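Each chain, letter by letter, is given below.
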There are 2 protein chains.
Amino acid sequence: MQTVLLAAATMTGGSAHSDEGMWLFNNPPRHILRERYGFEPSDAWLEHLQKASVRFNSGGSGSFVSEDGLVASNHHVGADALQKFGDKDHNYLRDGFHARTLAEEKQCHDLELNVLMSIEDVTGRVNAAVTPGLSAEEAFLARRKVMAQIEKESLDTTGLRSDVVTLYQGGLYHLYRFKRYTDVRLVFAPEQQVAFFGGDPDNFEYPRYNLDICFFRVYENGKPAKVPHALRWSKAGAADGELVFVSGHPGRTDRMLTVAELEYLRDVQYPYTLQLLHRREVVLDAWGQRNAENARKVRDDLFGVQNSRKAREGGLAGLLDPAFIASKRAAEQRLRAAVSGDARFQEARDAWDRIAAAQAVMAEHARMYRLLEAGHGFNSEWFGIARTVLRAAEEHAKPDGERLREFRDSNRESLELDLFSTRPVYDDYEQVRLADSLTWLVEQLGYSNPLVQRVLDGKSPRQRAADLVRGATVKDVARRKELYKGGKSVMAAASDPMIDLARSIDAEARALRKTLETQDEIKRQAHAQIAKARFAIDGANTYPDATFTLRLAFGQVKGYEDAGQHVPFQTTFAGLYQRWEDQQGRPPFDLPPRWLKRKNALNLDTPLNFVCTADIIGGNSGSPVVNRAGEFVGIIFDGNIQSLVLDFYFTDDVARAVSVHSSAILESLRRVCGARALADELVAGRLK
Amino acid sequence: MQTVLLAAATMTGGSAHSDEGMWLFNNPPRHILRERYGFEPSDAWLEHLQKASVRFNSGGSGSFVSEDGLVASNHHVGADALQKFGDKDHNYLRDGFHARTLAEEKQCHDLELNVLMSIEDVTGRVNAAVTPGLSAEEAFLARRKVMAQIEKESLDTTGLRSDVVTLYQGGLYHLYRFKRYTDVRLVFAPEQQVAFFGGDPDNFEYPRYNLDICFFRVYENGKPAKVPHALRWSKAGAADGELVFVSGHPGRTDRMLTVAELEYLRDVQYPYTLQLLHRREVVLDAWGQRNAENARKVRDDLFGVQNSRKAREGGLAGLLDPAFIASKRAAEQRLRAAVSGDARFQEARDAWDRIAAAQAVMAEHARMYRLLEAGHGFNSEWFGIARTVLRAAEEHAKPDGERLREFRDSNRESLELDLFSTRPVYDDYEQVRLADSLTWLVEQLGYSNPLVQRVLDGKSPRQRAADLVRGATVKDVARRKELYKGGKSVMAAASDPMIDLARSIDAEARALRKTLETQDEIKRQAHAQIAKARFAIDGANTYPDATFTLRLAFGQVKGYEDAGQHVPFQTTFAGLYQRWEDQQGRPPFDLPPRWLKRKNALNLDTPLNFVCTADIIGGNSGSPVVNRAGEFVGIIFDGNIQSLVLDFYFTDDVARAVSVHSSAILESLRRVCGARALADELVAGRLK
C-alpha cells in the first residue's frame with residue numbers, strides 16, 4: 001500500500017528514486033542514470049540504440065541484430081504475420097517456421113516496419129495554427145490541417161514517413177521521421193507451444209518459461225537490406241543486478257490523466273471493454289473448438305482477445321484500489337492549489353473542470369461511437385475494407401489537410417499496403433464475427449432502435465451477417481483497387497451490400513467522430529496548460545505518457561518478494577521441464593515433440609527468462625534489452641501480474657518486465673531447432 | 001420460415017397436427033394420440049410411467065429401472081453429485097465411478113429425489129383466498145399464505161412432500177404430492193469424456209455420440225428401496241418411425257408469454273444473462289486452466305455455465321427472428337379481438353396492458369433484484385449459506401403462512417438437507433467467484449453508488465472477497481446449525497463478516513423481492529383471465545408452460561433434413577470412433593483409454609444416440625424414453641441446435657430431442673465398463 005501511494009505521488013514528476021520512465025530519445029534521463037548508476041550514455045550510444053530499434057506497425061517492437069537486416073522480435077508480435085501465412089495444410093503459428101536459406105524466407109502480406117531516424121519539435125508551429133478565438137471544432141480542424149501539412153512537407157523533402165506525434169496529451173508536438181520497410185520476410189519462429197508455454201494461465205505471470213522469439217529480415221530491392229545500426233550479441237547475456245535498457249514502443253499509458261478521466265475509465269470504458277472481450281473470447285473459443293481448421297483460423301485473434309482481457313482485468317483491479325484513486329486525487333489537488341496561487345498559470349486554473357466537462361460529453365456519445373465509428377457493431381474485415389474504400393472516394397476528393405487523418409497523403413502508402421493486402425480472410429469466420437457483433441449492437445442499443453432496424457434490414461443478425469458476407473464484392477482485391485482508384489462516381493455506382501451498410505451509417509459515424517474529436521481538442525488544450533504548469537513547478541525532467549513511439553526505459557535485473565517468497569531473477573530450461581512435469585503436460589502446459597525428444601541435448605542450466613525493473617507496457621513486446629555496452633542481452637515479452645497497474649502509475653516494488661534471455665535463444669536455435677546458421681549470424685552480427 | 005409461423009400460430013392452442021406438448025399427467029393428450037397414432041394409454045399405463053419417473057432436485061429427470069430402487073439418469077444430471085464426491089486425489093466427474101457391490105455405492109451429500117404420487121386441483125381454494133378488493137400486495141400475501149396452508153395440511157395428513165404448483169402463469173393451481181428420497185447412492189458413471197464426447201462444441205448438436213448416463217440407487221432404512229413402479233427394459237430399444245413417450249421435468253418454457261413479456265426477454269433479460277454467462281465462463285475457464293486441481297474444482301460449474309450460454313444464445317437468436325415476434329403479435333391481436341367482442345371476458349380485455357405495465361415496473365427494478373436478491377453480486381456458496389441462516393432466524397419466528405416461501409414448514413426438510421450438506425467448498429475458488437461478482441456489482445451499479453461503497457467497505461473487490469472468505473464462520477457445519485437453531489438472539493450476537501454483509505443489504509434485497517412479487521401477482525391475475533378466455537375460445541385441450549413438474553411428451557423416432565442433407569435417426573459406436581478419428585482425438589474429441597483399448601470388443605453397429613420429435617426442454621435431461629408397451633428404449637440428454645427455440649414455440653420440422661439408445665447402455669456396461677452385474681439388473685428389472 002505504501003508503495004502505491006509513493007509511486008502515485010511521484011509519478012507526476014518523474015523521479016530519481018526509482019527506475020521509472022518511458023523516456024524520449026531526445027530527452028533521455030541522463031541525470032538519473034548518472035546519479036543512480038554512474039552511467040552516462042554518449043550521443044552515439046543513444047543514436048545506435050535508437051536506429052537499431054524497429055517498430056512493428058502491426059503492434060509491437062523489435063531490433064536489428066545483424067547488419068544484414070535481421071530483426072528479432074517476439075513470437076506473439078510475429079503471430080499476425082504467421083497467422084496470415086497459414087492455410088488448411090499449414091499452421092505456421094502453431095508449428096513454427098524455419099527458412100534454411102535466404103530463398104526460403106517468406107515475404108509477409110502487409111507488414112510494415114519503421115525505424116525512427118529523427119525527431120523535431122514542431123509544437124510552436126502546431127499551436128500557432130490554432131489561433132485565439134477559434135471554437136474547439138475550428139481548432140481541431142486547424143490543428144489537423146497543420147499536422148498534415150508538416151507531414152506532407154517532410155515526406156516530400158526527405159522521402160521518409162513523417163508523423164506528427166502528440167505528447168503529454170497535447171503539451172508537445174514532435175515530428176517523427178521513419179525509414180519504412182515493407183518487404184519484410186519471415187526467417188524463423190519456434191512452435192507456439194514453446195513460445196507461449198503455459199498459455200493464458202501463465203500469461204502475465206512469473207516465474208515463466210517462454211521462448212517468445214521470432215526473426216524477420218528486411219529487404220530492399222529484393223536483397224537483404226544492409227542496416228548501419230544492428231545490436232551486437234552479448235556473450236554472457238543479462239546478469240543479476242546489472243543495469244539494462246529497453247528500447248521499444250510502449251503503446252499507451254494513462255498516468256497523466258486527471259481524476260475525472262480515470263473515473264471514466266474505471267466506471268465506463270473498462271467495464272464496457274471487458275464485457276466485449278469476455279463475449280468475444282467465448283465466441284471465438286467456442287467456434288475454434290469445433291474443429292482443427294476453425295482453431296487455426298481464430299488462433300491469433302483469440303490470443304489477442306485473451307491477452308487484452310487479462311491486461312484489462314489487471315488494470316481495472318488497479319483502478320478499483322481505493323488507495324490509488326485517493327493518491328491521484330491528493331496529487332491533483334496539490335497541483336491545482338499550486339496553480340491557483342500562481343499568476344503564470346491563470347489559464348490552467350479551470351483546466352481540470354474543462355477536461356471533466358469534455359469527458360462528460362464524450363461519455364454521453366461513447367457507446368454509439370464505439371459501435372459505429374470504432375466498428376464494434378461490425379466486427380468484420382470486409383466491413384472495414386468496405387468502409388475504407390467508401391470513405392477514400394470522399395476523402396481523397398478533398399484537400400490533404402481537410403481529410404480524416406488516416407487519409408492524409410503522408411499515410412497513403414501505409415493505408416494502401418493494408419487495403420490491398422492479399423492476406424486470407426475466411427467467409428465462415430467472418431459470418432461468425434459479424435453475426436455476433438450485430439447481436440452486440442442490438443443488445444447495446446435495443447432491438448427497436450431505428451438504426452438497429454435499418455442495419456438489420458428486416459433480418460435476424462445471423463441471417464443478415466450471412467447475406468452481407470456472401471454478397472460482399474470487396475473480397476476481391478482487384479475489385480477493391482478498382483473502387484478505390486475509381487473515386488466518387490465509380491463508388492456511387494457500386495453494388496455491394498457491405499458498402500451499402502457502411503454508407504447507411506456513415507453520416508452518424510462521422511458525426512460521432514466529429515463530436516469526440518472536438519471534445520478531444522478541448523482536452524488537448526487543457527492538458528497543454530496543465531503540462532506547462534507542471535513543467536514549471538516540477539521541472540521538465542519528465543517523460544510523457546506512452547504513445548506507441550520509441551522510448552527508452554532502464555532498470556536493474558532483479559528478483560522480488562511475492563507473498564513472503566523470494567522470486568529469483570531468472571528461470572532456466574530445467575524449470576521449463578519441471579513445470580511441464582508438474583502439470584503432467586496437460587494443455588496449455590504441453591511441449592512440442594522435438595522439445596521432449598531433444599531435452600538431453602540442452603544445457604538445462606541455461607537461463608531462459610529473466611525479470612528487470614524497467615518501465616514497460618503493452619507495445620514493448622519484442623523490445624531489445626541491452627547492457628551498458630549496448631549489447632543485446634534479452635528480449636522483452638511480458639510483464640508480471642503486478643505490472644498490470646503500470647498503465648496508471650509506476651512501481652518497481654514487485655512489478656517486473658519479463659524477458660527471454662539471449663543465451664536461451666542461441667541454445668534453442670543450436671540444440672533443438674536445427675538453426676545453427678541463424679545462431680551463427682546472431683553471434684557474428686552478419687550473414688556468413 | 002413457414003414452419004416458424006405455423007408453429008407459433010398453433011402454439012397457443014395445442015395442436016393435433018404436430019407432436020407438440022408438455023402435457024400434464026392428469027390431462028394427457030388422449031385425443032391426439034388416438035387420432036395421430038391410434039394409441040390409447042390406459043390409466044394403469046399412465047400411472048406406471050408417472051410413478052416410475054423421478055425428479056432430481058438438483059435439476060433434471062430420471063426413472064426407476066429396477067424394482068430395487070435403481071435410477072437411471074444422465075451423467076450431466078449426476079455431475080453435481082459426482083463433483084461433490086471429488087477431492088484432490090479423486091476426480092469422479094472426469095474419471096467415472098463404479099460400485100461393484102451394494103457396499104461400494106456412495107451416499108450423496110445432499111441429493112433429493114422426488115416421485116410424483118398424486119395431483120389435486122386446488123385452483124378454487126387458492127383463488128378464493130384472494131378476495132375482491134385486495135391490493136396486489138395484499139393479494140400476493142393472501143395467495144402465499146393459502147398455498148403454505150394447503151401444503152402444510154397435506155404434509156401433515158399424508159407425510160408426503162406437498163407443493164402447490166402454479167400452471168398457465170396463474171390460470172390453475174395444482175397440489176403435487178411427492179415421495180421424497182434423500183438417501184441416494186451413486187452406482188455407476190462413465191468417464192465424462194465418453195458421456196460428453198465433443199464437449200461444448202458438440203453440445204446441442206446432432207449427429208451425436210454421447211454415453212450420457214449415470215445410475216443411482218435410492219435407499220430406505222439403509223437398504224435398497226423396493227419400488228413398485230420400475231420401467232421394463234426393451235429388448236430392441238428405439239426403432240425408426242416408432243411412437244415414443246418422454247416422461248420428465250421440463251424446467252421452463254415461455255410459450256404463453258405476451259409480446260410485452262417476450263420483448264422484455266429479448267431486450268433486457270437475455271442480453272443481461274448472456275453478459276453474465278460470458279463473463280463467468282471466461283473467469284472459470286481461465287482459473288480452471290491454471291492447474292489440474294483448479295480444473296477439477298470448476299468442472300461442473302463450467303459445464304453449467306457453458307451449457308446455459310449456448311442455450312441462451314439459441315434462445316436469443318429465436319427472439320431476434322423477426323418472423324417469430326410478428327407471428328406472436330398477430331396471434332395476440334387475434335385473441336384480443338376475440339376477447340374484446342365477448343362479454344364473458346370483460347375482465348380480460350385490458351389484461352395484456354396490465355401485464356405490460358407490471359413488466360415495465362419489474363424491468364425498472366430487475367437489475368438491482370438480480371444483483372442483490374438473486375445474488376449475482378455475491379456469487380459465493382458461503383454468502384448464500386450466510387443469508388439463509390440470517391433469514392431463517394427472522395422467518396422462522398413468523399407464522400408459517402407469512403414467511404418467505406422457501407422457509408415454509410412444508411419445505412423445511414429440503415431446506416435443511418441443503419443447508420447442512422457436508423459437500424466440499426473451496427476457499428480459493430470462493431475468492432475467485434466472489435471477487436469477480438463484486439466487480440460485476442461495481443460495474444453494474446457504478447463505483448460511487450452508496451450501496452457499492454457499503455459492500456466494498458473501503459477495499460478493492462479482490463481484497464474484500466479475500467477478507468470475507470477468510471472470516472466466514474458459517475464454513476463450519478456445526479456452527480451453521482448452532483446459528484440456525486439459535487434463532488434471533490444467537491444471530492444478533494453472531495460475529496461473521498459474511499453474515500454482516502448479507503445483513504447490510506437485506507432490507508434492500510427484501511424490498512426488491514416484494515416489488516417483484518407484487519408485480520408478479522398482477523401478472524398472475526391477468527394471465528389467469530387470459531387463460532380462462534383462451535380455454536373457452538380454443539378449448540381446454542392444451543398444456544401449460546413448463547414449470548419443472550412432471551410432463552408427458554410424445555413423438556416419433558425420426559431423422560430430418562438439414563441444409564439439404566438427410567440426418568439419420570440414429571448414430572452408432574462406429575460413428576463415435578469415426579468422429580474421434582476425424583478430429584484426430586484433439587480435446588474435447590478425445591476418448592478415455594479403455595474406450596480406445598476395447599473398441600474391438602464392442603459391436604460397432606450398436607445404436608448409440610437417436611432423435612425423436614417429442615417436445616422437451618432443459619430439465620428433461622435424464623427423462624426415460626418409452627415405447628407403447630411402456631418399456632425403456634432410451635434416455636433423453638439433449639436437443640439439437642434447432643430445438644433451442646422450443647423455449648418460445650414448438651416445431652418438429654427440424655427440432656429434435658436427442659437420446660442415448662438403450663442398446664448402447666447395455667453394450668457399454670458389458671463390453672467396456674466391466675459392469676455386467678449392472679447390465680443384468682437392467683435386463684432382469686431387479687438385483688440378482
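In this text, all values refer to a predicted model and were calculated from it rather than measured experimentally. (Residues numbered from 1 in each chain as written. Chains lettered and ligands numbered in written order. Predicted model: local features only at pLDDT ≥ 70, side-chain atom pairs only at ≥ 80, totals over all residues. Heavy atoms only, no water.)

Section: the overall build of chain A
Point 1. For chain A, the helix and strand inventory stands at 24 helices and 21 strands.
Point 2. A compact globule built from 688 residues should have a C-alpha radius of gyration of about 26 Å, and chain A, at 25 Å, falls within 12% of that.
Point 3. By principal-axis analysis of the C-alpha atoms, chain A measures approximately 65 × 65 × 50 Å.
Point 4. Relative to its 688 residues, chain A shows a buried fraction of 62%. (Helix = DSSP H or I, 4+ residues; strand = E, 2+ residues; numbered from the N terminus. Rg over C-alpha atoms; globule rule 2.2 N^0.38 Å. Buried < 20%, exposed > 50% of the residue type's maximum accessible area, 1.4 Å probe, protein only.)

Description of the interface of chain A and chain B
Point 1. In this complex, chain A contributes 47 residues to the contact, which on the side of chain B involves 45 residues.
Point 2. Between chain A and chain B, a total of about 3,500 Å² is buried, with carbon and sulfur atoms accounting for 56% of that surface.
Point 3. Counting the surface chain A buries against chain B, the share from its top three residues, Arg290, Leu320 and Tyr447 of chain A, is 18%.
Point 4. Scanning the region where chain A abuts chain B turns up two salt bridges.
Point 5. Among the ionic pairs, arginine 290 of chain A bridges to glutamate 205 of chain B, the shortest N-O distance being 3.2 Å.
Point 6. Our count for the chain A to chain B interface comes out at eight residue pairs in polar contact (both at pLDDT 80 or more).
Point 7. Residue contributions to the side of chain A that touches chain B peak at 13 residues, all from helix α10 (residues 259–288) of chain A.
Point 8. Here the residues of the side of chain A that touches chain B sort into 18 nonpolar, twelve polar and 17 charged. (Contact = heavy atoms within 4.5 Å. Buried area = accessible area lost by both parts, 1.4 Å probe. Salt bridge = Lys/Arg side-chain N within 4 Å of Asp/Glu carboxyl O. Polar contact = N/O pair within 3.5 Å; in protein donor to acceptor, adjacent residues only side chain to side chain. Nonpolar A, V, L, I, M, F, W, Y, C, P; charged D, E, K, R; others polar.)

Comments concerning the sheet that holds strand β20 (residues 632–639) of chain A
All names here are of chain A.
Point 1. The strand order β1-β14-β13-β19-β20-β21-β18-β17 describes an open sheet built from eight strands, whose pairing is antiparallel. A single partner strand is all that each edge strand has here, and the edge strands are β1 (23–24) and β17 (570–572).
Point 2. Looking at chain direction, β1 and strand β14 (residues 551–556) are connected through two bridges and run antiparallel. Paired with leucine 24 across the bridge in β14 is arginine 551. (Pairing = 2+ DSSP bridges.)

Structural notes on the nonpolar core
Point 1. In this structure, Phe215, Trp595 and Ile665 of chain A together with Phe378 of chain B are the most contacted members of the largest nonpolar core, which totals 136 residues.
Point 2. Ranked by residue count, the leading element in this core is helix α14 (residues 381–395) of chain B, at eight residues.
Point 3. Leaving out residues up to four positions away in the same chain, phenylalanine 215 of chain A has contacts with Val65, Leu70, Val71, Ala72, Arg185, Leu186, Val187, Phe188, Ile665, Leu669, Leu678 and Leu682 of chain A. (Core = buried A, V, L, I, M, F, W, Y, C linked by side-chain atoms within 4.5 Å.)

So, the sheet that holds strand β19 (residues 624–626) of chain B
Residues and elements named next belong to chain B.
Point 1. Read across the open sheet, the eight strands follow the order β1-β14-β13-β19-β20-β21-β18-β17; overall the sheet is antiparallel. Lying at the two open borders of the sheet, with one neighbouring strand each, are β1 (23–24) and β17 (570–572).
Point 2. Across two bridges, the pairing between β17 and strand β18 (residues 607–612) is antiparallel. Looking at the pairing, threonine 572 lines up with proline 607 of β18.
Point 3. Set on the sheet, helix α2 (residues 30–37) makes contact with β1, β13 (243–248) and β14 (551–556); between it and β14 the angle comes to about 10 degrees.
Point 4. Contacts from helix α24 (residues 662–671) reach β18, β20 (632–639) and β21 (657–661) within the one sheet, and its direction differs from that of β21 by about 35 degrees. (Axes fitted to C-alpha atoms, helices over the stretch in contact; angles between N-to-C directions.)

Things to note about unusual backbone geometry
Point 1. Residue proline 588 of chain A is bonded to the preceding proline 587 of chain A through a cis peptide linkage, with omega at 5 degrees.
Point 2. Mapped onto the fold, proline 588 of chain A is located in the loop between α21 (573–582) and α22 (593–597).
Point 3. Following tyrosine 206 of chain B, the chain continues to proline 207 of chain B via a peptide bond in cis, the omega torsion being 5 degrees.
Point 4. Structurally, the position occupied by proline 207 of chain B is in the loop between α9 (199–202) and β11 (214–220).
Point 5. Notably, phenylalanine 548 of chain A is not glycine yet its phi reads approximately 55 degrees, a positive angle.
Point 6. Summarising the element assignment, phenylalanine 548 of chain A is placed in the loop between α20 (497–538) and β14.

Side note on the packing of helix α23 (residues 662–671) of chain A against helix α24 (residues 676–684) of chain A
Residue and element names in this part refer to chain A.
Point 1. Contact pair α23 / α24: the axes reach a minimum separation of 7 Å and the direction vectors enclose 150 degrees. Classified by the interaxial angle, the pair formed by α23 and α24 is roughly antiparallel. On α24, the residues touching Ile665, Leu666, Leu669, Arg670 and Arg671 of α23 are Arg676, Leu678, Ala679, Asp680, Leu682 and Val683. (Parallel < 35°, antiparallel > 145°, perpendicular 65-115°, else oblique.)

Digging into the domain arrangement of chain A
All names here are of chain A.
Point 1. By domain assignment, chain A separates into domain 1 (2–112 + 182–255 + 544–684), domain 2 (121–180) and domain 3 (321–535).
Point 2. Averaged C-alpha coordinates put domain 1 and domain 2 at centres separated by 32 Å.
Point 3. Domain 1 puts 13 residues into the contact, and the matching count from domain 2 is twelve residues.
Point 4. A per-residue breakdown of the area domain 1 buries against domain 2 is headed by Arg55, Glu112 and Pro544, which together make up 36% of the total.
Point 5. There are four residue pairs in polar contact (both at pLDDT 80 or more) connecting domain 1 and domain 2.
Point 6. Counted by class, the side of domain 1 that touches domain 2 contains three nonpolar, five polar and five charged residues. (Domains from an automatic or database assignment.)

Some details on the packing of helix α12 (residues 322–340) of chain B against helix α21 (residues 506–538) of chain B
Residue and element names in this part refer to chain B.
Point 1. Closest axis-to-axis distance for the α12/α21 pair is 11 Å, and the angle between their directions is 85 degrees. Classified by the angle their axes make, α12 and α21 are roughly perpendicular. For the pair α12 and α21, contact is made by Leu335, Ala338 and Val339 and by Ile530, Ala533, Arg534 and Ile537, respectively.
Point 2. Residue composition of the contact of α12 with α21, by class: six nonpolar, no polar and one charged.

Digging into the environment of arginine 252 of chain A
Residue and element names in this part refer to chain A.
Point 1. Its place among the elements puts arginine 252 in the loop between β13 (243–248) and α10.
Point 2. Look at arginine 252 and you get exposed, because its relative accessible area is 51%.
Point 3. Taking C-alpha positions, arginine 252 is 32 Å from proline 587, a pair spaced 335 residues apart along the chain.
Point 4. Residues contacting arginine 252, with those up to four places away along its chain left out, are Ala546, Ile617, Gly618 and Asp647.
Point 5. At 2.6 Å, the side chain of arginine 252 forms a polar contact with the side chain of aspartate 254.

A look at the relation of the copies chain A and chain B
Point 1. Between the two copies, chain A and chain B, the superposition gives an RMSD of 0.0 Å; the rotation angle is 180 degrees and the shift along the axis is 0.0 Å. As the rotation angle and translation indicate, the two copies are arranged about a two-fold axis. Using C-alpha coordinates, one finds that chain A approaches the rotation axis most closely at histidine 278 of chain A, a distance of 2.8 Å.
Point 2. Comparing contact sets, 96% of the residues at the interface of chain A also lie at the interface in chain B, consistent with an isologous, same-surface contact. (Least-squares fit on C-alpha atoms with pLDDT ≥ 70 in both.)

Remarks on helix α13 (residues 351–373) of chain B
Residues and elements named next belong to chain B.
Point 1. Its 23 residues give α13 an end-to-end C-alpha distance of only 28 Å, which falls more than 12% under 33 Å, the value for a rise of 1.5 Å per residue.
Point 2. Maximal helix bending in α13 amounts to about 50 degrees, located at histidine 365.
Point 3. Within α13 the residues assigned to the buried category are Ala351, Trp352, Ile355, Ala358, Gln359, Met362, Ala366, Arg370, Leu371, Leu372 and Glu373.
Point 4. At its buried positions, α13 is contacted by α10 (259–288), α12, α14, α16 (427–445), α17 (450–456) and α21.
Point 5. A positive backbone phi angle near 80 degrees is found at glycine 375, which sits one or two residues after α13. (Expected span 1.5 Å × (residues − 1). Bend = angle between axes of the 7 residues up to and from the residue.)

Section: the confidence of the model for chain A
Predicted coordinates in regions of low pLDDT should not be interpreted in detail.
Residue and element names in this part refer to chain A.
Point 1. Looking at chain A as a whole, the pLDDT averages 95, with 97% of positions reaching at least 70.
Point 2. Across residues 1–16, confidence stays below pLDDT 50; counting only partners more than four residues off in sequence or on other chains, it has 35 contacts.
Point 3. Quick note on the complex model: pTM equals 0.95, ipTM equals 0.94. (pLDDT = per-residue confidence, 0-100.)

Topic: the pattern of salt bridges
Point 1. Applying the stated criterion to the full structure yields 150 salt bridges over all chains.
Point 2. Across the pair arginine 208 of chain A and aspartate 638 of chain A runs a salt bridge, and its minimum N-O distance is 2.8 Å. Placement of the pair is arginine 208 of chain A in the loop between α9 (199–202) and β11 (214–220) and aspartate 638 of chain A in strand β20, with a sequence separation of 430 residues.
Point 3. With its nearest N and O atoms 3.9 Å apart, the salt bridge here joins lysine 532 of chain B to glutamate 347 of chain B. Placement of the pair is lysine 532 of chain B in helix α21 and glutamate 347 of chain B in the loop between α12 and α13, with a sequence separation of 185 residues.
Point 4. One connected set of salt bridges, linked through shared partners, spans Glu373, Arg387, Arg391, Glu394, Glu395, Lys398, Glu406, Asp506, Arg510, Arg513 and Glu517 of chain A.

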